[in-house]
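Observations on chain architecture
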Amino acid sequence: MRFIFKTDYGQDIRLAKHGGHLFWYGALMLVLLLAPWLVQEYWLAQLTFVLIYAVAGLGLMLLAGFTGLFSLGHAAFLGVGAYTQAVLTNMGLPFPLALACAAGLSAAVGLVVGLPALRVKGIYLGIATLSFGFIVEEVLARWESVTGGNSGIHIKKPDMFGWTLDSGEAFYFLCLLITVLATLGILNLLRSPTGRAFVAIRDSEISAQSMGIHLAYYKTLSFALSAALAGIAGALYAHQLQFISPDQFNILQSIDLLLMIVIGGVGSVHGAFLGAIFLITMPQAIAMVKDYLPPTIGQAPGLQGLVYGVVLVAFVLFEPLGLYGRWLKVRTYLQMFPFYRKGMFKRQKSFQKSDRLK
Amino acid sequence: MQLLQLVISGIAQGCIYGLIALGFVLIYKATETVSFAQGELMMLGAFGGLAGMTLLGFPYWLSVLGAIAAMALFGMVLERVVIRPILGQPAFSIVMLTIGIGYVARGLITMIPNIGTETHMLPVPYKDQIWHLAGLVLNVEQMVVIGVTGVLCVLLYTLFRYSKLGIAMQAASQNQLAAYYMGIPVKRLNGIAWGLAAAVAAIAGLLLAPITFVHANMGFIGLKAFPAAVVGGFGSLPGAIVGGLIIGIVESLSGFYLPDGFKDTAAYIVVLIMLVVKPNGLFGEKLSKKV
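Residues numbered from 1 in each chain as written. Chains lettered and ligands numbered in written order. Predicted model: local features only at pLDDT ≥ 70, side-chain atom pairs only at ≥ 80, totals over all residues. Heavy atoms only, no water.

Some remarks on the pattern of salt bridges
Applying the stated criterion across every chain yields a total of eight salt bridges over all chains. Between Lys-219 of chain A and Glu-205 of chain A there is a salt bridge whose closest N-O contact spans 3.0 Å. With Lys-219 of chain A in helix 11 (residues 215-241) and Glu-205 of chain A in helix 10 (residues 205-210), this residue pair connects regions lying 14 residues apart in the sequence. For Lys-219 of chain A, a relative accessible area of 2% gives the class buried. Taking the shortest distance from any N to any O, the salt bridge between Glu-79 of chain B and Arg-84 of chain B comes out at 3.1 Å. A relative accessible area of 1% means that Glu-79 of chain B is categorised as buried. A relative accessible area of 18% places Arg-84 of chain B in the buried class. (Salt bridge = Lys/Arg side-chain N within 4 Å of Asp/Glu carboxyl O. Helix = DSSP H or I, 4+ residues; strand = E, 2+ residues; numbered from the N terminus. Buried < 20%, exposed > 50% of the residue type's maximum accessible area, 1.4 Å probe, protein only.)

Here you go:
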């Protein structure tokens, strides 16, 4: 077991806590950089989807996991980003500019949604964002002159000032770059005063306020940042699929995003990535197992929903920290091997913390 | 005359929203959790009635009562097995849990071969009958919805106002800890609240079934009941019904007078306005917390 004795503040906020971190994340980065030569084209596309969903997951994690505001309409931001990107790219704007616009517009929309969030809390916020999601979906479907309505629109290949990314590998590297930048951005944000203010708001609004944190400012900021990341993810998603339609950004997509961060582990940056891996590989795994099941079960259309539901229920009941929490437990067990006690990660109940009185 | 006609069909639809919202409110008041599986419970209730009538061949009233009783039992079991272990956790985890339950219910129903993926008609005795009353064309299915909702409201009012059980439930919903100290079996009451909510959801499903048919995705209508609950005030039983009626009427009128697309979003626009203007809803009480 490794003990780190922190003797100054700089050590406390360092990104890599020890050499092991540098080594393992470096190795992961190397594998990701070599991935186009290691895996087949199909799996590379899936890996690209993992990266895209991880960016969206990072955004939602910032909002739900670190600021404690949950959004049931996050797919709407994804949709705003995707459609902005599609419309601007088709107008001939180069990729970086269109991406910036997509992120900016999503952030602006997030700001607008964040404003009611100042007045409402808990479940009311969930319903407000849910309503917002439905309205955006309807707008995307009805505003036919811009969005092409229910028939959707095609989007051109990303092109940067004359250099077109027409291969899957090139786009993969682009996504990887954006994901790495987003991750570093979030990590740096979280160790900054802003990030700490977010966490303080999550843990207790009243004590955060009494420590001089401006609730309204930080809550809207969190919404805007989260929406911007979702917008970027949406833009990449549009490029990866090359075709978008309103029904890709409906309530089920929003729930998928929430499911992703809950299964990954709420309140950890790793969770966004683990959740994205889960979300992308689960359908593949089900498709693989399907053939070995009796046809009445294997071919039934509800199988995927059932598995998602069971996994979600199981995680909330038995592993509220998600996949990342499971990894933490395994690691702690190995590190402390003979001395591991049961119940080290036991949750505490708080019947007194009534949401109604928040 | 046309306006009245529209309002009546809005009221009928609103009663369905109100009944589902009633389930939310019952559960919210008792356990401070919000069940996103309420729409799916409604769907299960409708399928239960369908199974009773077509598979088992029971008469209408028997299969309806059977479905409601079965759903009440199911709700209590659900509370005992899945909800109780995580009571006292943040609202977020319980929302995700109920979303998961909804997924499971929908998945399971869809997996029943040849039944889950189809759309079914519930063979009710009052199917396709029409009354003519002073120039109005009244659909009997809608009238039954309105009538049953009215009766149910009176029953629930009596339960909460006059019975020992209802008063105990009110006490528990005001302050769980104090209720515990007074010897009220709060946990059992939570189970009963879930059972009651599931039964109300089953009634909503059985009432809706003749109008929209029975299918695995009919639970999505539960998402429309959230606006109803918020407009009425999330913690208020009469509020749920009133909110449902408002949403139903607004939806019906906007579907006729406003351009396409407003019908589907009207409920959500109303709820957003409501949250900005009066976040506690029409009947919601304002609670504050001492630090």
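What about the confidence of the model for chain B?
Residues and elements named next belong to chain B. Here chain B shows a mean pLDDT of 85. Residues at 70 or above account for 98%. Summarising per-element confidence for chain B, the mean pLDDT is lowest in strand 1 (residues 130-133) (78) and highest in helix 3 (residues 60-83) (91). Note on the complex model: pTM 0.88, ipTM 0.86. (pLDDT = per-residue confidence, 0-100.)

A few points about the packing of helix 6 (residues 122-142) of chain A against helix 11 (residues 262-277) of chain B
Pairs of packed helices are described in terms of their axes, by the angle between the two and the distance that separates them. Viewed as axis vectors pointing N to C, helix 6 of chain A and helix 11 of chain B meet at an angle of 140 degrees, and their least axial separation amounts to 9 Å. For the element pair helix 6 of chain A / helix 11 of chain B, the angle class is oblique. Between helix 6 of chain A and helix 11 of chain B the crossing geometry is left-handed. From helix 6 of chain A, Tyr-124, Ile-127, Ala-128, Ser-131, Phe-134, Ile-135, Glu-138 and Arg-142 of chain A reach across to helix 11 of chain B, where they touch Asp-264, Thr-265, Tyr-268, Ile-269, Val-271, Leu-272 and Leu-275 of chain B. (Axes fitted to C-alpha atoms, helices over the stretch in contact; angles between N-to-C directions. Parallel < 35°, antiparallel > 145°, perpendicular 65-115°, else oblique. Left-handed = near helix turned anticlockwise from the far one by under 90°. Contact = heavy atoms within 4.5 Å.)

Observations regarding the environment of Ser-163 of chain B
All names here are of chain B. When you line up the elements, Ser-163 lands in the loop between helix 5 (140-162) and helix 6 (164-174). Accessibility expressed as a relative area gives 21% for Ser-163, which makes it partly exposed. A polar contact is formed between the side chain of Ser-163 and the backbone oxygen of Leu-159, at a distance of 2.7 Å. (Polar contact = N/O pair within 3.5 Å; in protein donor to acceptor, adjacent residues only side chain to side chain.)

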